Amino acid sequence: MAYISLDELLSSGVSGRRVLVRSDLNVPLEDGKVTDDGRIRASVPVITALADAGARVVVMAHLGRPQGKFRTEFSLVPVVERLRSLVPLTVRMASDVSGDDARKQAGSLVGGEVLVLENLRFDARETSKDNAERDSFAAELAALVGEDGVYVDDAFGAVHRKHASVTDITRHLPAYVGNLVSTELKVLGKLTTNPDHPYVVVLGGAKVSDKLAVIDNLMERADYLLVGGGMVFTFLAAMGHKVGGSMLEADQVETVRGYLDSAEQAGCEFILPTDIVVASRFSADAEHEVLASEDIENATFGASGLGLDIGPTSAESFARHIRSAGTVFWNGPMGVFEFDAFADGTRIVAQALAECDGFTVVGGGDSAAAVRALGFDESSFGHISTGGGASLEYLEGKELPGLMALDRQ
Ligand code: ADP
Ligand code: MG
């Protein structure tokens, strides 16, 4: 595909021009405070490069799923506060998305200043299935940057979405690819075209059905597929084990059995945990024990226990595979790392990636947050991707609507 880079835009001169930037500022919040600012920091270089070049920068982004109406808890206000603390720029904020305030502030913006619009998803048209609705929203957003305005897509985490600010907008403005998107594409391109072997893929997390879909494609390329996190129980069930109250997608058991059966032919080996940390309930201070994967229902506290982490023997086996890999792609925490008692599997896997001499990629919002929350230095990893769903869909070999929209052939 042929994209036009941000560098081309910068060298054509943007001083005084209005530039509409789609950033991915979808960060986790707790009590109105940003708990992991990775995506904000990853968005800073493009915003800064444009402002430094004298552009009038209008940033648009989404946060969570406010279902098309204004809801204070989904406001970008805390995100903008954090952005202000990271850049020495004037960062204004509109109280609406494409309404009176956004228009007024975009109009009075001067070169080198930044205006952030409110959460795009406060407008139901952003994610509408109706093409005309999305297009009318895109037209309003484009109007904010006027006649000689341009669009820069730097929101890798949203390129798999057919949303107004991602796809439709490119019919209204000349479109350029931000550096974050191009870096991600370079890394994922390497993972799909010429990974160094052994190629180890580690999957975990909670979005089970989303992630099962990628396995089909990865089996063909990866040498080892290590499975932990919530999805592991669908695998254990497929092997005939009982999983108590653990996370389980019963309607996916057959599909998973199919994967297990066809792995050998695809030249890929599944490494599943042989032990599990089973808890009496979903809580940070729950009673817990380590049990063999086939014994989950035999805990001393009863048969309804939930597997909340991979056990120590499994974590060590995962770590061995990872340390000797040529390439590692990791998406999804191995357990409920937010609770200390169930963070060991994730910590050991992260540590093994950090020690691996091969090329290591961490994908997924929560995985990236876990790596930082557990105190790892980001530079110990080859690349920390800002896009969870987007990177998985890319690796699945799907066409990503946001990238199609940027293609200028
Ligand atoms: P990512 O954002 O990295 O793609 P997901 O969003 O799929 O990852 O999943 C992250 C969540 O998965 C974390 O909040 C973690 O607590 C949860 N998780 C991991 N293992 C388990 C498990 N065994 N049971 C329930 N939740 C789990
Ligand atoms: Mg997540």
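In this text, all values refer to a predicted model and were calculated from it rather than measured experimentally.

1. Topic: the site of ligand 1
Lining the immediate surroundings of ligand 1 are 20 residues, of which Ala206, Lys211, Glu338, Asp366 and Ser367 lie closest. Lysine 207 has a polar backbone atom sitting 3.2 Å from an oxygen atom of ligand 1. In the environment of ligand 1, an oxygen atom lies 2.5 Å from a nitrogen or oxygen atom belonging to the side chain of glutamate 338. Within the complex, 90% of the 580 Å² of free accessible area of ligand 1 lies under protein. When residues of the shell around ligand 1 are traced back to their parent elements, those giving at least two are β14 (306–310) and α12 (365–373). Here the element with the most residues in the shell around ligand 1 is α12; it accounts for three residues. Residue classes in the shell around ligand 1 are distributed as six nonpolar, 10 polar and four charged.

2. Re the side chain of glutamate 126
Tracing the sequence through the fold places glutamate 126 in the loop between β6 (114–116) and α5 (131–143). Other than its neighbours up to four places away in sequence, glutamate 126 contacts Arg22, Leu120, Arg121, Arg134, Phe137, His163, Ala164 and Ser165.

3. Examining the pattern of salt bridges
Considering all chains together, one arrives at 22 salt bridges under this definition. Residue arginine 82 pairs with aspartate 37 through a salt bridge whose shortest N-O separation is 2.8 Å. Remark: aspartate 37 occurs in the loop between β3 (33–34) and α2 (38–52) and arginine 82 occurs in helix α3 (residues 77–86); sequence separation between them is 45 residues. Across the pair arginine 103 and aspartate 100 runs a salt bridge whose closest N-O atoms are separated by 2.7 Å. Of this pair, arginine 103 and aspartate 100 are both found in helix α4 (residues 100–108), three residues apart, which corresponds to roughly one turn of the helix.

4. Comments concerning the domain arrangement of the protein
Per the domain assignment, the segments making up the protein are domain 1 (6–181) and domain 2 (194–394). A separation of 34 Å is found between the C-alpha centroids of domain 1 and domain 2. Each side of the interface is counted separately: domain 1 has 11 residues, and domain 2 has 12 residues. Summed over both partners, the interface of domain 1 with domain 2 buries about 830 Å², with 57% contributed by carbon and sulfur atoms. In this assembly, domain 1 and domain 2 are joined by two salt bridges. The tally of links between domain 1 and domain 2 comes to three residue pairs in polar contact (both at pLDDT 80 or more). Broken down by element, the side of domain 1 that touches domain 2 gets its largest block of residues, four residues, from α2.

5. Focus on helix α13 (residues 389–396)
Counting buried positions over the eight residues of α13 gives six, a clear majority of the element. All of the buried residues in α13 are Ala390, Ser391, Leu392, Glu393, Leu395 and Glu396. Lining the buried residues of α13 we find α6 (179–193), α7 (208–221) and β15 (327–331). Looking one or two residues beyond α13, the residue adopting positive phi is glycine 397, at roughly 85°.

6. Some remarks on the pairing of strand β4 (residues 56–60)
A large share of β4 lies buried, amounting to four of its five residues. Examined bridge by bridge, strand β1 (residues 18–22) and β4 share five bridges and lie parallel to one another. Across the sheet, the residue bridging to valine 19 is valine 57, located in β4. Across three bridges, the pairing between β4 and β6 is parallel. Directly across from valine 59, in β6, lies its bridge partner valine 116.

How each quantity is defined
- Residues numbered from 1 in each chain as written.
- Chains lettered and ligands numbered in written order.
- Predicted model: local features only at pLDDT ≥ 70, side-chain atom pairs only at ≥ 80, totals over all residues.
- Heavy atoms only, no water.
- Near = heavy atom within 4 Å.
- Polar contact = N/O pair within 3.5 Å; in protein donor to acceptor, adjacent residues only side chain to side chain.
- Areas by Shrake-Rupley, 256 points an atom, 1.4 Å probe, with all protein chains shown as cover.
- Helix = DSSP H or I, 4+ residues; strand = E, 2+ residues; numbered from the N terminus.
- Nonpolar A, V, L, I, M, F, W, Y, C, P; charged D, E, K, R; others polar.
- Contact = heavy atoms within 4.5 Å.
- Salt bridge = Lys/Arg side-chain N within 4 Å of Asp/Glu carboxyl O.
- Domains from an automatic or database assignment.
- Buried area = accessible area lost by both parts, 1.4 Å probe.
- Buried < 20%, exposed > 50% of the residue type's maximum accessible area, 1.4 Å probe, protein only.
- Pairing = 2+ DSSP bridges.

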